Amino acid sequence: MLKGKSAVITGSTSGIGLGYATALADAGVNVMINGFGDADAIEAERAKLEAKGVKAVYSGADMTKPAEIAAMIAEANDKLGSVDILINNAGIQHVAPIEDFPDEKWNAIIAINLSSAFHTTKHAVPLMKARGWGRIINTASAHALVASPAKSAYVAAKHGIAGLTKVVALEVAEHGITANAICPGYVWTPLAEKQIPDTAKARGITEEEVKRDVLLAAQPTREFVTVEQVAALAMFLCQDAAKSITGAILPMDGGWTAA
Ligand code: NAD
């Protein structure tokens, strides 16, 4: 049922976003990927998506810039033919106690992790309303539900996106559009993987112990969530079977927020 639809996925040049794009393209959905990184590597990922038999285009729009975001949604509509699915996923992190938290890091995290979703949604909703169908999926985090020290901006942005998700869900409920937030715990992305050998060396423990006792201390399963699991939940939310799931803040965190 998704074949021929089109999706915009912000922050999809790596990690979870690329996982969404891959799952959508596998289901026959045209995709616009977005994010930063090495130009050749991005082109290689775009070509891999296109090889699945869908249209795949790349936008380098900076999620801190509202005008670039508006242009990205218009470009997706022009080049892909519609914007049926919007996944707000771009995100960054900075860890520091509040008294040392740099103002520019606060502003960047609020802009990328929260405000960009306001701007994309604002421009995508009229396109979805016109077609009477849409899916808006926001990558929030377990940090949309609980806090951790030294993550003031990230936790504020993720709690904020949970609120935004609920408001949008109410506003579009009678238009065949749903809006939901997925709240992953620690996800096995290249970002997480890269930290492990250094942490093991620094603490004099094994890589397995780093995963279990350091990164996954909060996660009762002591296992990373995978990119594929997050993408699979998003794919379910895109189905007609999920049309009554809206305004939901859905944890996928190995039990973290049950504690
Ligand atoms: P990642 O670093 O692999 O991906 C982040 C993406 O955002 C990249 O494509 C990057 O280029 C893009 N990006 C960063 N700044 C941007 C900007 N100004 N404009 C456009 N794109 C920009 O990280 P990830 O782990 O895949 O994270 C993706 C999302 O998942 C984020 O919102 C993150 O908060 C959330 N999340 C991650 C985890 C985890 O453990 N990895 C857990 C919960 C939630």
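Conventions and cut-offs
Residues numbered from 1 in each chain as written. Predicted model: local features only at pLDDT ≥ 70, side-chain atom pairs only at ≥ 80, totals over all residues. Heavy atoms only, no water. Axes fitted to C-alpha atoms, helices over the stretch in contact; angles between N-to-C directions. Helix = DSSP H or I, 4+ residues; strand = E, 2+ residues; numbered from the N terminus. Parallel < 35°, antiparallel > 145°, perpendicular 65-115°, else oblique. Left-handed = near helix turned anticlockwise from the far one by under 90°. Contact = heavy atoms within 4.5 Å. Nonpolar A, V, L, I, M, F, W, Y, C, P; charged D, E, K, R; others polar. Near = heavy atom within 4 Å. Polar contact = N/O pair within 3.5 Å; in protein donor to acceptor, adjacent residues only side chain to side chain. Areas by Shrake-Rupley, 256 points an atom, 1.4 Å probe, with all protein chains shown as cover. 1 Å grid on protein atoms, 1.4 Å probe; cavity = no way out; pocket = protein on both sides within 12 Å on 5 of 7 lines; lining within 4 Å. Points joined across faces, edges and corners; volume = space filled by probe spheres on them. Core = buried A, V, L, I, M, F, W, Y, C linked by side-chain atoms within 4.5 Å. Buried < 20%, exposed > 50% of the residue type's maximum accessible area, 1.4 Å probe, protein only. Phe/Tyr/Trp six-rings, centres within 6.5 Å; stacked < 30°, edge-to-face > 60°. Lys NZ or Arg CZ within 6 Å of the ring centre and 35° of its normal. Pairing = 2+ DSSP bridges. Expected span 1.5 Å × (residues − 1).

J.: Sorry, what's going on with the packing of helix H1 (residues 15-26) against helix H8 (residues 227-238) here?
T.: Geometrically, a packed helix pair is captured by the angle between its two axes and the distance between the axes. At a minimum axis distance of 8 Å, the contact between H1 and H8 shows a crossing angle of 50°. Our classification of the angle between H1 and H8 gives oblique. For the crossing formed where H1 meets H8, the hand is right-handed. Touching Gly-15, Ile-16, Gly-19, Tyr-20, Ala-23 and Leu-24 of H1 are Val-227, Val-230, Ala-231, Ala-234 and Met-235, all from H8. The residue makeup of the contact of H1 with H8, split by class, is 9 nonpolar, 2 polar and no charged.

J.: Please explain the site of the ligand as it appears in this structure.
T.: Surveying the vicinity of the ligand reveals 28 residues, the closest of which are Thr-13, Ser-14, Ile-16, Asn-89 and Tyr-154. Backbone polar atom of Phe-36 to an oxygen atom of the ligand: 2.8 Å apart, as the coordinates give it. The side chain of Asp-62 places a nitrogen or oxygen atom 3.0 Å from a nitrogen atom of the ligand. Relative to its unbound accessible surface of 830 Å², the ligand loses 88% to contact with the protein. Considered class by class, the residues forming the shell around the ligand number 13 nonpolar, 13 polar and 2 charged.

J.: Just checking my understanding: could you explain empty space enclosed by the protein for this structure?
T.: To find leftover empty space, a probe the size of one water molecule is rolled over the atoms. The full count for this structure, using the stated rule, is 1 cavity of 30 Å³ or more. Volume-wise, the largest cavity comes out at about 30 Å³. As for the largest cavity, its lining consists of Asn-88, Asn-89, Ala-90, Ile-112, Asn-113, Ser-116, Thr-139, Lys-158 and Ile-161. Among the elements of the structure, helix H4 (103-131) and helix H5 (152-172) are those that each provide at least two residues to the lining of the largest cavity. Broken down by element, the lining of the largest cavity gets its largest block of residues, 3 residues, from H4. Class assignment for the residues of the lining of the largest cavity results in 3 nonpolar, 5 polar and 1 charged.

J.: Mind showing me how you'd approach the nonpolar core here?
T.: Side chains that are nonpolar tend, in soluble globular proteins, to be buried together. By size, the foremost hydrophobic cluster in this structure holds 39 residues, and its most contacted members are Val-8, Met-32, Met-63, Met-72, Ile-73, Leu-86 and Ile-136. For this core, the secondary structure elements donating two or more residues are helix H3 (66-80), H4, H5 and strand E6 (177-184). Look past the residues within four positions of Met-63 in its chain and what remains in contact with it is Thr-10, Asn-34, Ile-69, Met-72, Ala-90, Ala-111, Ile-112 and Ser-116.

J.: Teacher, can you tell me more about the packing of aromatic side chains here?
T.: Centre distance and the angle of the planes are the two values used to describe a pair of aromatic rings. Using the criterion set out here, one finds 2 aromatic pairs in the structure. With centroids separated by 5.4 Å and ring planes inclined at 10°, the aromatic side chains of Tyr-186 and Trp-256 adopt a geometry described as stacked. Taken together, the residues span a long stretch of sequence, with Tyr-186 in the loop between E6 and strand E7 (187-188) and Trp-256 in the segment after strand E9 (249-252) at a distance of 70 residues. By relative accessible area, Tyr-186 is classed as partly exposed at 28%. Lys-5 extends its terminal NZ or CZ atom over the ring of Trp-133, reaching a point 4.4 Å from the ring centre.

J.: Whenever I open this one, the side chain of Thr-120 confuses me. Can you help?
T.: In this fold, Thr-120 is placed in helix H4. A polar contact of 3.1 Å, which involves the side chain of Thr-120, links it to the backbone oxygen of Ala-117.

J.: Help me understand the sheet that holds strand E3 (residues 56-59), please; the structure alone is not making it clear to me.
T.: Backbone hydrogen bonds hold the strands of a sheet together, and the pairing may be parallel or antiparallel. In space, the 7 strands of this open sheet follow the order E3-E2-E1-E4-E5-E6-E9, with parallel pairing throughout. Because the sheet does not close on itself, it has two edges, and the strands there are E3 and E9. The average angle at which neighbouring strand axes cross in this sheet is 20°, direction not considered. Examined bridge by bridge, strand E2 (residues 30-34) and E3 share 4 bridges and lie parallel to one another. For Asn-34, the partnering residue across the bridge sits in E3 and is Ser-59. Against the sheet, H5 engages strand E5 (134-139), E6 and E9, with an angle of about 160° to E6.

J.: What is the right way to read H8 from this model?
T.: Every α-helical turn comprises 3.6 residues, leaving residues that sit three or four positions apart pointing alike. Helix length check: H8, at 12 residues, gives a terminal C-alpha distance of 17 Å against a target of 16 Å (1.5 Å per residue), a fit within 8%. Listed in full, the buried residues belonging to H8 are Val-227, Val-230, Ala-231, Leu-233, Ala-234, Met-235, Leu-237 and Cys-238.

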